[in-house]
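Structure at a glance
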Amino acid sequence: MQLVCPAGSLPSLQAAVDHGADAVYVGFRDATNARAFPGLNFDEADLRSGIAYAHARGRKIYVALNTYPTPAQLGHWEAAVERAADLAVDALIIAELAVLDYAARHYPALPRHLSVQSSATTHAALRFYVEEFGISRAVLPRVLAMQQVERLAEKSPVPLETFAFGSLCIMVEGRCQLSSYVTGASPNRHGVCSPAKFVRWDETADGRSVRLNDVLIDRFANGEAAGYPTVCKGRYLVRGETFHALEEPTSLNTLDLLPRLAACGIAALKIEGRQRSPAYVGAVAAVWRRAIDRVQSDPAGFRVEPDWQAALARVAEGTQTTLGPYHRSWH
Amino acid sequence: MRLTLGPLQYFWPRRQVLDFYAAMAELPLDAIYLGETVCSKRRELRGGDWLALARELAATGREVVLSALTLIEAESELASLKRLVGNGEFAVEANDMSAVQLLRERGLPFVAGPGVNLYNQRALALLRRAGMTRWVPGVEQGREQLAEIRQAADAGMLPEIELIAWGRLPLAYSARCFTARAHDLAKDDCAFRCLDDPEGLTLATREGAPFLRINGIQVQSEAVCDLAPEIDQLRAAGVNLLRLYPQPQGMADTVAYFRAALAQPPTQRRGDCNGYWHGEAGMRSAGPPHQDPLRQRPGAPLAAR
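Residues numbered from 1 in each chain as written. Chains lettered and ligands numbered in written order. Predicted model: local features only at pLDDT ≥ 70, side-chain atom pairs only at ≥ 80, totals over all residues. Heavy atoms only, no water.

Counting its regular elements, chain A contains eleven helices and 15 strands. For chain A, the C-alpha radius of gyration of 20 Å lies close to 20 Å, the compact-globule estimate for 331 residues. With the C-alpha coordinates of chain A rotated into their principal frame, the extents come out at 60 × 55 × 40 Å. When the 331 residues of chain A are sorted by exposure, 63% land in the buried category. Partitioning the intrachain contacts of chain A with sequence separation of at least 6 by distance along the chain shows that 63% fall at a separation of at least 24. For chain A, the distance from the average position of its 34 positive side-chain charges to the average position of its 34 negative side-chain charges is 2 Å. (Helix = DSSP H or I, 4+ residues; strand = E, 2+ residues; numbered from the N terminus. Rg over C-alpha atoms; globule rule 2.2 N^0.38 Å. Buried < 20%, exposed > 50% of the residue type's maximum accessible area, 1.4 Å probe, protein only. Contact = heavy atoms within 4.5 Å. Lys, Arg positive; Asp, Glu negative; His and termini not counted. Charge placed at Lys NZ, Arg CZ, Asp CG, Glu CD.)

So this is what it looks like as structure tokens:
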């Protein structure tokens, strides 16, 4: 089982490799990937260095081209496929049909992974992408319960990658328009969710409030931890009560499920967080490396070490971690 | 342009659903979409009931399309989808790639609903080859994108285009049920509380401004999209059909409003937002004012309206 770690910069990529990632996924510095944040991602020189660093140590680099180009943008996405292929990356992570088609036709030998942004949740959907584009792996959306993952793994026509740790998109990936409804900028078209230029913090006498394009997402009392204002993680008024009506700011953490994920043949575990620091990437990679090694050498005796959980809790978004959709009670 | 009635997004008691469609059968609608697109636990009408209703409506001379679920998670849901695809009588609206594949495997023509991500002419061409005859663009696709697609597409390649022109916009889906969460119930033991809210549960900001609607696992806009004043632009963009989403009240008025708009676009809007069409945030409103001055600014604090 492969450990796939995120990197938004060369230091993060090196931290991932140094701490045990089998593969690192990255994006170019533009809207061709779903973490198109200012100051993040790779120009060609950095990517070249990163690939050399990883390949010298027997690790792989995947490039995410997982947004949805409009007709005018198609040429730019195709150029990104070419650039990645020329740099000799090990796989492309793609969501959109035309980009998949282009990569399959022009670079058939370069492995294509189906991005989580494609929202393929069944063996029927996966069959479409295998037959049309010859994908060699698919990243599952964070919507399936563990038992559903196990059933899908039995029948899937392609090896599967699942999310193991990191911030949790609670909406079906690739099919959420909450950001674009409020700001006009969407993960699918622009590679961003709730971009910072629409965020406004206001200090008040009893704390502060945060707005996204003038819509109040939350208020925080003095001293209360305040997270980034994505629409899904705000507090709202529903049925007369104010609460996190959609989701609390928590992190997905599936360490407890690792034996089941390994037993059902999941090919790779993905860590979320290209927008996070090298320290985050290194800390999370180190824990998951130890956990995967343990479950592979001794599946029956596997147990989660308290210091693993403590190390993950220190870097998690919010203060809690959750099994998220893998656990039926979350639904 | 033709008028269509999109699938019912809410969960109503069986009697209400049947009465609603009996009333719809009397209205000047060209096509009607039937079926459950949000939650597989909603079974006031089962597969056979929807089929019977489809036959009744088809007998009135309307086109009838059966809409598929948007998020397929369980094997049982995939089995239901297979039965829907194999119904043998009516065209199906695919709302995810599972449905696209099952329809393609059977060589059946289909409508690609707003749950399928298609953003450019090549993706459309790929699905044309798979059997797509009609495309309902996702909510965020507007005038400029449609123009780009028409310009880039080969002659005769484009499917029919059906644009969402009226209703609360389907913005997001989740594995989680937000209605159950709001009632502090587990999804597996939800007591079908969606039945309590025929138009979803209002989610308001902490200053009391209605913002979104919770509808089971779906999140909708609070603001009602209304593209009637833009009808000339839609026509020029090559839109063939206008989709109106069912609401428990006022559908006859809405259909009449759009029928009139096809002849002469209104100078005041009845709904709230059209931002996506104009390439802006979906909640925004541009162009002609609302007929009710108190509803000019969706998303703004109530106190500011």
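The structure having been displayed, the exposition proceeds.
For the rest of this paragraph, the subject is the overall build of chain B. A count of helical and extended segments in chain B gives nine helices and eleven strands. Compactness check: chain B gives a C-alpha radius of gyration of 19 Å against a globular reference of 19 Å for 305 residues, within 12% of the reference. Principal axes of the C-alpha set define a box for chain B whose edges measure 55 × 50 × 35 Å. Expressed as a percentage of its 305 residues, the buried residues of chain B come to 63%.

A few words now on the pattern of salt bridges. Residue and element names in this part refer to chain B. This structure, assessed with the given rule, holds 48 salt bridges over all chains. Between Asp196 and Arg193 there is a salt bridge; the shortest N-O distance is 2.8 Å. Asp196 gets classed as partly exposed once you look at its relative accessible area, which sits at 42%. For Arg193, a relative accessible area of 29% translates into the label partly exposed. Three or more residues joined by partner-sharing salt bridges are found here, namely Arg2, Glu63, Glu93, Arg134, Glu160, Glu162 and Arg243. (Salt bridge = Lys/Arg side-chain N within 4 Å of Asp/Glu carboxyl O.)

This part is about the nonpolar core. By size, the foremost hydrophobic cluster in this structure holds 211 residues, and its most contacted members are Trp288(A) and Tyr21(B). Residues lining this core come from more than one domain, with at least three contributed by each of domain 1 (2–168 + 250–330) and domain 2 (185–243) of chain A. Apart from the residues lying within four places of it in its own chain, the contact partners of Trp288(A) are Leu3(A), Ala164(A), Phe165(A), Asn253(A), Thr254(A), Leu255(A), Leu258(A), Leu269(A), Ile271(A) and Leu312(A). Of all hydrophobic cores here, the second largest spans eight residues; its members include Tyr25(A), Tyr62(A), Ala64(A) and Ile93(A). (Core = buried A, V, L, I, M, F, W, Y, C linked by side-chain atoms within 4.5 Å. Domains from an automatic or database assignment.)

Now for the interface of chain B and chain A. Each side of the interface is counted separately: chain B has 67 residues, and chain A has 69 residues. Taken over both partners, the interface formed by chain B and chain A buries close to 6,000 Å², and the fraction arising from carbon and sulfur atoms is 55%. Where chain B touches chain A, the interface holds twelve salt bridges. Among the ionic pairs, Arg127(A) bridges to Glu105(B), the shortest N-O distance being 2.8 Å. The interface formed by chain B and chain A includes 45 residue pairs in polar contact (both at pLDDT 80 or more). Of the residues forming the side of chain B that touches chain A, the biggest block, seven residues, is contributed by helix 4 (residues 97–105) of chain B. Among the residues forming the side of chain B that touches chain A, the class breakdown is 33 nonpolar, 16 polar and 18 charged. (Buried area = accessible area lost by both parts, 1.4 Å probe. Polar contact = N/O pair within 3.5 Å; in protein donor to acceptor, adjacent residues only side chain to side chain. Nonpolar A, V, L, I, M, F, W, Y, C, P; charged D, E, K, R; others polar.)

A few words now on the packing of helix 10 (residues 278–297) of chain A against helix 11 (residues 306–315) of chain A. Residue and element names in this part refer to chain A. For the pair helix 10 and helix 11, interaxial distance at closest approach is 9 Å and the crossing angle is 155 degrees. In terms of their interaxial angle, helix 10 and helix 11 are classed as roughly antiparallel. Where helix 10 crosses over helix 11, the two elements pack in a sense that is left-handed. Touching Tyr280, Ala283, Val284, Val287, Trp288, Arg290, Ala291 and Arg294 of helix 10 are Asp307, Trp308, Ala311, Leu312 and Val315, all from helix 11. Of the residues assigned to the contact of helix 10 with helix 11, the class counts are ten nonpolar, no polar and three charged. (Axes fitted to C-alpha atoms, helices over the stretch in contact; angles between N-to-C directions. Parallel < 35°, antiparallel > 145°, perpendicular 65-115°, else oblique. Left-handed = near helix turned anticlockwise from the far one by under 90°.)

Moving on, we come to the packing of helix 5 (residues 123–133) of chain A against helix 4 of chain B. Relative orientation of the contacting elements helix 5 of chain A and helix 4 of chain B amounts to 65 degrees, with a least axis distance of 7 Å. In terms of orientation, helix 5 of chain A lies roughly perpendicular with respect to helix 4 of chain B. In the crossing of helix 5 of chain A with helix 4 of chain B, the sense of the turn from one axis to the other is left-handed. For the pair helix 5 of chain A and helix 4 of chain B, the contacting residues are Ala124(A), Ala125(A), Arg127(A), Phe128(A), Tyr129(A), Glu131(A) and Glu132(A) in the first and Met97(B), Ser98(B), Val100(B), Gln101(B), Leu102(B), Arg104(B) and Glu105(B) in the second.

Next up on the list: the sheet that holds strand 10 (residues 215–221) of chain A. Residue and element names in this part refer to chain A. On the basis of which strands lie adjacent, the open sheet formed by three strands has the order 8-9-10 and antiparallel pairing. The strands lining the two open edges of the sheet, one partner per strand, are strand 8 (199–204) and strand 10. Ignoring which end each strand starts from, the neighbouring axes of this sheet average 20 degrees apart. (Pairing = 2+ DSSP bridges.)

Attention shifts here to the domain arrangement of chain A. Residue and element names in this part refer to chain A. According to the domain assignment, chain A contains domain 1 (2–168 + 250–330) and domain 2 (185–243). The distance between the C-alpha centroids of domain 1 and domain 2 comes to 27 Å. With 14 residues of domain 1 at the contact, the number on the domain 2 side is seven residues. Of the roughly 740 Å² buried at the junction of domain 1 and domain 2 (both faces included), carbon and sulfur atoms supply 45%. On inspection of domain 1 and its partner domain 2, the count reaches zero salt bridges. On the surface where domain 1 and domain 2 come into contact, there are three residue pairs in polar contact (both at pLDDT 80 or more). In terms of residue class, the side of domain 1 that touches domain 2 is built from six nonpolar, six polar and two charged.

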